[in-house]
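Here's the letter readout for the chains.
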Amino acid sequence: RFSLMPASIAKVVDVRTSTIEQRLEAMQKFYDAGYEVHVNLSPVILYDGWQHDYRTLLRNMDSMISDDFKDQLINHSNVLFFSFFNLLSISVNV
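Everything numeric in this text was worked out from a predicted model, so none of it was measured.

Thoughts on the overall build of the protein
Across its full length, the protein carries five helices and two strands. Written out in order from the N terminus, the α and β elements of the protein read β-α-α-β-α-α-α. Scored against the burial criterion, the 94 residues of the protein give a buried share of 35%. Within the protein, counting contacts between residues at least 6 apart in sequence, those at least 24 apart form 67% of the total. For the protein, the exposed surface amounts to about 5,800 Å²; the carbon and sulfur share of it is 51%.

Some points on unusual backbone geometry
Looking along the chain, the bond that leaves Ser42 and enters Pro43 is cis, with omega of -5°. Checked against the element boundaries, Pro43 lands in the loop between strand E2 (39-41) and helix H3 (50-64).

What to know about helix H4 (residues 67-76)
For H4, the complete set of buried residues consists of Phe69, Lys70, Gln72 and Leu73. Take H4 and look down its axis: the buried residues cluster within an arc of 160°, on one side only. Counted as exposed and oriented over 90 degrees from the buried face of H4: Asp68 and Asn75.

Description of the nonpolar core
If you look at the biggest cluster of nonpolar residues, it comprises 19 residues, and the most contacted ones within it are Leu4, Met27, Val39 and Met61. At the level of elements, strand E1 (2-4), helix H1 (7-13), helix H2 (20-32), E2, H3 and H4 are the ones that each hand at least two residues to this core. The biggest single contributor to this core is H3, with five residues.

Concerning the environment of Val37
Note on placement: Val37 falls in the loop between H2 and E2. Sequence spacing of Val37 and Met27 is 10 residues, and the spatial spacing of their C-alpha atoms is 6.8 Å. Setting aside residues no more than four positions away along its own chain, Val37 makes contact with Phe2, Met27, Phe30, Tyr31, Phe69, Gln72 and Leu73.

Each value, and the rule that gives it
Residues numbered from 1 in each chain as written. Predicted model: local features only at pLDDT ≥ 70, side-chain atom pairs only at ≥ 80, totals over all residues. Heavy atoms only, no water. Helix = DSSP H or I, 4+ residues; strand = E, 2+ residues; numbered from the N terminus. Buried < 20%, exposed > 50% of the residue type's maximum accessible area, 1.4 Å probe, protein only. Contact = heavy atoms within 4.5 Å. Areas by Shrake-Rupley, 256 points an atom, 1.4 Å probe, with all protein chains shown as cover. Arc of directions from axis to C-beta. Core = buried A, V, L, I, M, F, W, Y, C linked by side-chain atoms within 4.5 Å.

Here's what the structure looks like:
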């Protein structure tokens, strides 16, 4: 299970951890190795611009992981995760 949040927030509340890009790369490697990977978008902190930052995060995620991995996330993830995509008006390219 990997936790993701916008990089601007991660720098403040998730110090001394891998960057978001490094986490996305690691997630793909775990998936490629045959593991079922789960993602938490947490914590969700509301601030001016939070929706833009989460859109950016999810678009980066969409561009950095394989279509097969996206399919696994869609088929095995909590409905709330994809409700979040809808809230931000983001479509997943699978």
